[in-house]
Amino acid sequence: MKKLVSLNVVMGNAMKNMKENEKFVVVDVPIEYLEIAPNQRDRVSKAGVDNKAKKWDTNKCFILKGTWHFGDKKVLLQDGQHRYLAAKKAIEEYSKEINTLKVAVFIGLTPDEEIDLFLYQDEGVNKLRYCDKFKSIKMKSKRNEVEQAMYDLMELCDKHDILLSGYNDRFVKSQKKIGSIKKSYEIIQYQGKDCFEWIID
């Protein structure tokens with residue numbers, strides 16, 4: 001078996017081609033050195049992953065996005081969770097030979113900047129569902145107005161035991177449920193938390 005080159009060596013070689021002021025470099029990262037970032041959504045489409053795994057074609061796999069700091073043992077994926085899981089499944093269950101995945105690796109970002117790679121990966125394309133963003137927003141240290149309103153919505157739903165799909169899925173028949181996430185956080189953003197609490201009461 002071919003010995004795996006260390007991630008520091010892989011990244012060091014790739015960074016030689018970086019231009020000044022560039023924040024990322026596209027790297028063929030050994031799949032053993034990839035890991036899903038802790039702020040990533042917990043929900044995964046198992047059917048989607050399986051379908052990708054069965055039909056796996058490395059040449060058709062879009063570039064993933066990840067982050068890395070010198071000395072890290074893994075590149076943390078912020079975009080490409082399903083593709084990564086599909087590649088692993090293709091190896092384990094369908095005997096596909098996949099050694100590396102092409103990743104745009106951002107280097108030296110702050111924790112909030114890393115989270116933003118996930119939150120705003122899709123601007124102008126298919127939008128993430130609001131429920132996919134809750135975990136990441138909760139982990140940020142500084143939030144913009146919309147993010148803060150969504151964070152406050154999470155807090156208020158906990159306080160009043162209201163179901164917020166994708167955040168606190170523990171539905172019981174008697175439990176209240178948020179109908180429109182967007183309208184709810186916009187009430188908080190523009191009218192304040194007291195107004196939202198008055199409405200739900």
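Starting from 1, residues in each chain are numbered consecutively following that chain's sequence as written. Local features in this predicted model are restricted to residues whose pLDDT is 70 or higher, and side-chain atom pairs enter the listing and the counts only when it is 80 or higher, whereas totals over whole chains, interfaces and linings include all residues. Water and hydrogen atoms were dropped before computing side-chain values, which therefore reflect all heavy atoms in the structure.

Student: For this particular structure, what's the right way to read the layout of surface pockets?
Tutor: Over the atoms rolls a probe the size of a water molecule, and its path tells where empty space is left. Using protein atoms alone on a 1 Å grid, points that fit a 1.4 Å probe yet trap it form a cavity, whereas open point sets bounded by protein on both sides within 12 Å along at least five of seven lines form a pocket; residues with an atom within 4 Å of a point count as lining. Grid points are joined across faces, edges and corners, and a volume is the space filled by probe spheres set on the points. Taken as a whole, the second largest pocket spans an internal volume of roughly 270 Å³. As for the second largest pocket, its lining consists of 13 residues, and the residues nearest its centre are Phe62, Asp79, Gly80, Arg83 and Gln121. Runs of H or I in DSSP of at least four residues are treated as helices and runs of E of at least two as strands, each being numbered from the N terminus. For the lining of the second largest pocket, the secondary structure elements donating two or more residues are β4 (75-79) and α3 (81-94). In terms of residue count, α3 provides more of the lining of the second largest pocket than any other element does, three residues in total. Residues were grouped as follows: Ala, Val, Leu, Ile, Met, Phe, Trp, Tyr, Cys and Pro as nonpolar; Asp, Glu, Lys and Arg as charged; and all remaining residues, including Gly, as polar. Residues that form the lining of the second largest pocket fall into these classes: three nonpolar, six polar and four charged.

Student: Which parts of the structure should I look at to understand the sheet that holds strand β5 (residues 100-107)?
Tutor: Across a sheet, paired strands are connected by hydrogen bonds in the backbone, their directions being either parallel or antiparallel. In spatial order, the strands read β1-β5-β3-β4-β2; together these five strands make up an open sheet with mixed pairing. Each edge of the open sheet carries a strand with a single partner, namely β1 (24-30) and β2 (34-36). On average, each strand axis in the sheet is tilted by 45° relative to the strand beside it, whichever way the strands run. Two strands pair if DSSP finds at least two bridges between them. Bridging between β2 and β4 involves three bridges; their strand directions are parallel. Residue pairing for β4: Glu35 is matched across the bridge by Leu76. Lying over the sheet, α3 contacts β2, β3 (64-68), β4 and β5, oriented at roughly 125° with respect to β2. Together, β3, β4 and β5 form the strand contacts of helix α4 (residues 111-119), whose direction differs from that of β4 by roughly 40°. Whenever a helix is involved, its axis is fitted only over the stretch in contact; in every case the axis is a line through C-alpha atoms, and angles between N-to-C directions fall within 0 to 180 degrees. Throughout, a contact is declared for two residues whenever any of their heavy atoms are within 4.5 Å.

Student: I would appreciate a short explanation of the packing of aromatic side chains in the present structure.
Tutor: The geometry of two aromatic rings is summed up by the distance between their centres and the angle between their planes. Two rings belonging to Phe, Tyr or Trp (six-membered ring only in the last case) form a pair when the distance between their centres is within 6.5 Å. Interplanar angles under 30 degrees mark stacking, angles over 60 mark edge-to-face geometry, and anything in between is tilted. One pass over the full model with this rule turns up three aromatic pairs. On the basis of an interplanar angle of 75° and a centroid distance of 6.0 Å, the ring pair of Trp68 and Phe70 is categorised as edge-to-face. Whether a residue is buried, partly exposed or exposed follows from its accessible area with a 1.4 Å probe, protein chains only, as a fraction of its type maximum: under 20%, in between, or over 50%, in that order. Since its relative accessible area comes to 68%, Phe70 is described here as exposed. Look at Tyr130 and Tyr185: their rings are 5.6 Å apart centre to centre, the planes differ by 70°, and that puts the pair in the edge-to-face class. You can see Tyr130 sitting in helix α5 (residues 130-139) and its partner Tyr185 sitting in helix α7 (residues 181-191), a full 55 residues away along the chain. For Tyr130, a relative accessible area of 28% gives the class partly exposed. Look at Tyr185 and you get buried, because its relative accessible area is 7%.

Student: It is not clear to me how unusual backbone geometry should be interpreted in this structure. Could you clarify?
Tutor: Residues other than glycine seldom take positive phi values, yet Asn21 does so here, at roughly 75°. As for its placement among the helices and strands, Asn21 is situated in the loop between α1 (7-15) and β1. In this model, Ser95 sits at a positive phi of 55°, which is unusual for a non-glycine residue. You can see Ser95 is positioned in the loop between α3 and β5. On the basis of relative accessible area, Ser95 is assigned to the exposed category, the value being 68%.

Student: I'm lost on the pattern of salt bridges in this one. Help?
Tutor: Opposite charge on two side chains permits pairing when their charged atoms draw close. Each salt bridge in this description consists of a side-chain nitrogen of Lys or Arg and a carboxyl oxygen of Asp or Glu lying within 4 Å of one another. Under the defined criterion, the tally for this structure stands at nine salt bridges. In this structure, Asp79 and Arg83 form a salt bridge, with 3.1 Å as the shortest nitrogen-oxygen distance. On the accessibility criterion, Asp79 (13% relative accessible area) is buried. Overall, the relative accessible area of 17% leaves Arg83 in the buried class. Across the salt bridge formed by Lys159 and Glu197, the nearest N and O atoms sit 2.9 Å from each other. With Lys159 in helix α6 (residues 145-159) and Glu197 in helix α8 (residues 193-200), this pair connects stretches of sequence that are 38 residues apart. Classification of Lys159 by relative accessible area gives exposed; the value is 57%. Glu197 sits in the buried class, given a relative accessible area of 14%.

Student: Would you take a moment to explain the packing of α6 against α8 for this structure?
Tutor: Two packed helices can be described by the angle between their axes and the distance between those axes. Here α6 crosses α8 at 40°, and the two axes come no closer than 11 Å. As summarised for this structure, α6 and α8 are arranged oblique, according to the angle between their axes. Considering how the two elements wind past one another, α6 and α8 form a crossing that is right-handed. Side by side, α6 and α8 meet where Asp152, Leu153, Leu156 and Lys159 of the first sit next to Lys193, Phe196 and Glu197 of the second. In terms of residue class, the contact of α6 with α8 is made up of three nonpolar, no polar and four charged. To sort the angles, those under 35 degrees are grouped as roughly parallel, those over 145 as roughly antiparallel, those from 65 to 115 as roughly perpendicular, and the leftovers as oblique. Here a crossing is taken to be left-handed if its near helix is turned anticlockwise relative to the far helix by less than a right angle, and right-handed if that turn runs clockwise.

Geometric values such as these leave the question of function open.
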